[in-house]
Structure formats: structure tokens, C-alpha cells
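The lines below spell out each chain.
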Amino acid sequence: MDARGDGVDCGADEEFGHCITCSDEGVPMCIVALDEERGLALCETEAGARSSVEILLVAPVLVGDSVLVHAGTALRKIEEVVK
Amino acid sequence: MKYVDEYRDAELGSVLAAEIATTVDPDRHYKIMEVCGGHTHSIYKYGVDDLLPDNVELVHGPGCPVCVIPMGRVDDGIALAHQENVIFTCFGDMMRVPGSEGSLLDAKAEGADIRMVYSPLDALRIARSNPDRDVIFFAIGFETTAPSTALTLMRARSEGITNFYAMCNHVTILPPLRALLESPDLRLDGFIGPGHVCTVVGAKPFEFIPRDYGTPLVVSGFEPLDLLQSVLQIVRQLGEGRCEVENQYSRLVPYDGNPAAMKVMAEVFELRPHFEWRGLGFISQSGLKLSEGYADLDAERRFSVPGIRVADPKACQCGEVLKGVIKPWECKVFGTACTPERPIGTCMVSSEGACAAYYNFGRFAREREVV
């Protein structure tokens, strides 16, 4: 991750321990697998961490979609901005 | 990562910073509040404030949910954790927040079964695998995490899980902003609006801020370019004599929010008549509790809690920091008696807290020289 914009991979989020927050942090995650019957998806962060995520509020979604996750719930599908 | 890397581009950042510098009126001082603790964290992590002209000052708002929790609520949580046969679950940072007689982490050391979770779903999983224990989730956060708690309680109900409860500390962002705007301590020129809260409630509920208080608000993303763009939009509005809500974070925020999220919140929660905020006091209709339909899952009804109001330690100035009246380094105990390892106040606990952000990213030394 080139968080400093200087071409150096500083692994910012891990380095600063930002993962243990109050979970009020929005994390962009990619959907890896869907369990539509239970309204859950297996999602992965950029760093490769996987967790179960509620997808009821963003349905319908597909494997490969990016979603913004807060406290284990996907709040929005991340879409291209059409200008 | 897509949608992230392109918003951290250093060259584009310089272009935006130059544009801000040419747009501001050199004879004017701009005081802009970033409402959300996530913004505070990003500003100091990426040094966004270093790119701004000297007359553009960023002040930190009350938008870190851990920071605004009063000590009495921590004590109530600890009392619940000590109940017989209870597994108490909460987010990581919450465990270190000091109550009047120690933190949840101290209570854990004394033998209480307190477990850290990353989401309410994790807490529900613990309830599912411990059917003979009562599992309480310490629910905290603004409109960003409230839908998550609501969905989990609905899931507990639909799965017939009867040993799962929530201690609800959810708060809403609009009442404290109104309280700040009514406060004579602080005169603000603009707001950087809380982007992720707006993914749920939309930008529309913030329209009263420019309309009633004459203060522009730009809903902003959390990457450094998002923040610079938002500052530029605010100073442009002020320069052009406009005052409105603008949405810089349109890649995620629909102007009207997420109706599905608001619907589940309306089903599971109702407004408390008033709720205490650290540093801001009691604010009416600013906190959520479980609705009558979910009262049987309310930990505060199922178990008894002391519910005693506890005053903050005298040395702690979190209240002034949360209102943007003082900068973290102006607090008497900042970096000495109060550090992230041994916090006195909440703002030093959470990584989104203004004091922790200053402390961790070494931003206080330069500021101190200015004084």
C-alpha cells in the first residue's frame, strides 16, 4: 500500500494498528463468496483478512463487487462515479 | 486497491493544495471542523493539515463514538460484565476506556468473562455456541454501526436465540452538531461532513446547518485527496458567498441515504429522551435505545445496572477537545499523565480520538513551538 504517495509500500493500516478501532471505521472489502439464503457474504480486505459480512442492506450484490463495511455490515456498494 | 490508491496520489494532492492556497482570502482566518473521528485520524496520518495555508485551521469534532462515552456508561458496562453467567462482548478500543474504578480490561483481569469482537455478528456467534450463558454486546457508535446492531438483533430473533442481549449506547450525529452550533465558545466557518454516517442517513438531514446557521458543509470521503477537495469546496463556497450542503463523497453517499438501513434502525431502535455525552453534557434525543418490540433483548432491562452519573477526572479536558475549543496538546495532562498506554481521557484511547491521533503521529511538537 502506497499510503504516503511516495512509492514506498508502508503497510500503513497494519503499521499504525488501525485495525482495532471502535469498528466505526469503514473498510472497503471485496465479496469472495455469497450465502444469499442467510444474507451473508464472505468478504476480503485488501490485506487479505476475511470475515462474514451482512449484505441485506446492499442486496443484490455479486461475487467480485466492492462494498463498504462497518462493524460487519455492508452499508454501500462501491461504484464508479459517473461524471 | 481500486477506489483507494487514486485518492492518495501525491501529485494530485499538491495540485489541490495549490488551488486551496490561491482560493483562500489571505486576510481571513478559516476555522473548519471535521466532524468525524475517522477524518481526524486521516488528517494526521497523512499530514493533510501540513498542506493547508496557515490561515486554514482544522478543529476536531465530537465524531468518535468511543470518545463521547461518559464514564457512568463504562461503569454500567463493567457492572453487567460482573453479573453471574455473563459473557460480555465489546469492540477492542472500548476495553481500555477508563471508568470510575478501572476499565473493562481491568475487569477482565479480575476474572470477568469479557471478550473482544470485531462485529455484533461475532458476539451473536459466541451466544450461539454458549447456549447456557448470557451474552451481552456493548453496542456503540453512530449511524454507521447502529444498522449492524439492528440487523444482528433481528437475526437473533429470527434464529430463536434467547441468550443474546445488547447494551445500547448508539448515538446520532445531528443533535451534538446542533449543540455545538448553539455554543458561544465556538465560531465555525464550515464543516467537513461525516461521509460514512451519510452513507446511511444521506446528506439531506444536514441541510439545516447552512440554512439555519449559515455554515457550509461538505460531505467528505476519508482519503487525503477527499479531505483536500472538501476543504477546497468549503473555501470556494465562502469566497463565492454560497452556503450549502455539497457531496464530495458521491462515489459512496447517495443524497437521500440508504433507506433499507434506516428502516431496520427504525424497527429496532427508538430515541432516548436524552443521553449524556462526554464533555457536551446531556443532549436531548441524541441517543438510541431498543424499541418496545426488542425490549426483551435489552441488557439494561434484563439485568440491573447502577446508572450513576460520574464526573470526568478534573485533570481531563476531553470535553473542550471534543468541542474543538482547545487542541489536544493544550490539555494539561496530554502526553504526560495521559498517554495511549495509560489514558485518563477517552480521546487518548481510540485511534480516532483527536489526542491519540496527535500523540501517535507526533503532531504536537511543531504546534507547541508556535505557542
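Everything discussed here concerns the structure shown above.
To start, this report covers the structure provided alongside it. (Residues numbered from 1 in each chain as written. Chains lettered and ligands numbered in written order. Predicted model: local features only at pLDDT ≥ 70, side-chain atom pairs only at ≥ 80, totals over all residues. Heavy atoms only, no water.)

With respect to the overall build of chain A
Along chain A, the regular secondary structure elements total 1 helix and 5 strands. The N-to-C order of helical and strand elements in chain A reads α-β-β-β-β-β. Here chain A holds 83 residues, and 45% of them are scored as buried. Contacts spanning at least 24 positions in sequence make up 30% of the contacts within chain A whose residues lie at least 6 apart. (Helix = DSSP H or I, 4+ residues; strand = E, 2+ residues; numbered from the N terminus. Buried < 20%, exposed > 50% of the residue type's maximum accessible area, 1.4 Å probe, protein only. Contact = heavy atoms within 4.5 Å.)

With respect to the environment of Lys263 of chain B
Residues and elements named next belong to chain B. Positionally, Lys263 belongs in helix α11 (residues 259-268). Assessed through its relative accessible area of 63%, Lys263 is described here as exposed. A sequence separation of 116 residues divides Lys263 from Pro147, and the C-alpha atoms of the two residues are 9.0 Å apart.

Brief notes about the sheet that holds strand β5 (residues 134-141) of chain B
Residue and element names in this part refer to chain B. The 4 strands are arranged β4-β3-β5-β6 in an open sheet whose pairing can be described as parallel. With one partner strand each, in any of the chains shown, β4 (114-116) and β6 (164-170) form the two edges of the open sheet. On average, each strand axis in the sheet is inclined to that of its neighbour by 25°, with strand direction left out of account. Strand direction decides the pairing type here: β5 and β6, joined by 7 bridges, are parallel. What sits directly across from Val135, in β6, is Phe164. Against the sheet, helix α3 (residues 71-81) makes contact with β3 (86-90), β4, β5 and β6, and its axis sits at roughly 170° relative to β6, the strand it touches most. Of the strands in this sheet, β5 and β6 touch helix α6 (residues 146-159), which is tilted by about 160° from β6. (Pairing = 2+ DSSP bridges. Axes fitted to C-alpha atoms, helices over the stretch in contact; angles between N-to-C directions.)

Brief notes about empty space enclosed by the protein
Residues and elements named next belong to chain B. Enumeration over the complete set of coordinates arrives at 3 cavities of 30 Å³ or more. In this model, the largest cavity occupies a volume close to 70 Å³. Cys316, Gln317, Cys318, Val321, Cys331, Val333, Phe334, Cys338, Ile344, Gly345, Met348 and Cys355 together form the lining of the largest cavity. In terms of residue class, the lining of the largest cavity is built from 10 nonpolar, 2 polar and no charged. (1 Å grid on protein atoms, 1.4 Å probe; cavity = no way out; pocket = protein on both sides within 12 Å on 5 of 7 lines; lining within 4 Å. Points joined across faces, edges and corners; volume = space filled by probe spheres on them. Nonpolar A, V, L, I, M, F, W, Y, C, P; charged D, E, K, R; others polar.)

Description of the packing of aromatic side chains
Residue and element names in this part refer to chain B. The full count for this structure, using the stated rule, is 8 aromatic pairs over all chains. Residues Phe91 and Phe137 carry aromatic rings whose centres are separated by 5.5 Å and whose planes lie at 75° to one another, so their mutual orientation is edge-to-face. Remark: Phe137 occurs in strand β5 and Phe91 occurs in the loop between β3 and α4 (104-109); sequence separation between them is 46 residues. Measuring from centroid to centroid gives 5.6 Å for Tyr165 and Phe303, while their planes differ by 80°, and the two rings are edge-to-face. Separated by 138 residues along the polypeptide, Tyr165 in strand β6 and Phe303 in the loop between α12 (299-302) and α13 (318-322) bring together distant segments of the chain. When its relative accessible area of 8% is taken as the criterion, Phe303 is described as buried. A cation over an aromatic ring shows up here: Arg302 above the ring of Phe303, its NZ or CZ 4.6 Å from the ring centre. (Phe/Tyr/Trp six-rings, centres within 6.5 Å; stacked < 30°, edge-to-face > 60°. Lys NZ or Arg CZ within 6 Å of the ring centre and 35° of its normal.)

Things to note about the state of the cysteines
Residue and element names in this part refer to chain B. Per the counting criterion, the structure on display carries 0 disulfides over all chains. Of the cysteine sulfurs around Cys243, a residue in no disulfide, the closest is that of Cys198, at 16 Å. The class for Cys243 is partly exposed, based on a relative accessible area of 31%. With no disulfide of its own, Cys318 lies 3.4 Å from the sulfur of Cys316, the closest cysteine sulfur. According to the relative accessible area criterion, Cys318 is buried, its value standing at 5%. (Disulfide = S-S within 2.5 Å.)

Points about the nonpolar core
Of all hydrophobic cores here, the largest spans 131 residues; its most connected members are Phe88 and Phe164 of chain B. A per-element tally of this core places helix α10 (residues 224-240) of chain B first, with 8 residues. Setting aside residues no more than four positions away along its own chain, Phe88 of chain B makes contact with Gly77, Leu80, Ala81, Leu104, Asp113, Ile114, Arg115, Ile136 and Phe138 of chain B. Within the second largest apolar cluster, 11 residues are counted, among which are Met29, Ile55, Val58 and Val69 of chain A. (Core = buried A, V, L, I, M, F, W, Y, C linked by side-chain atoms within 4.5 Å.)

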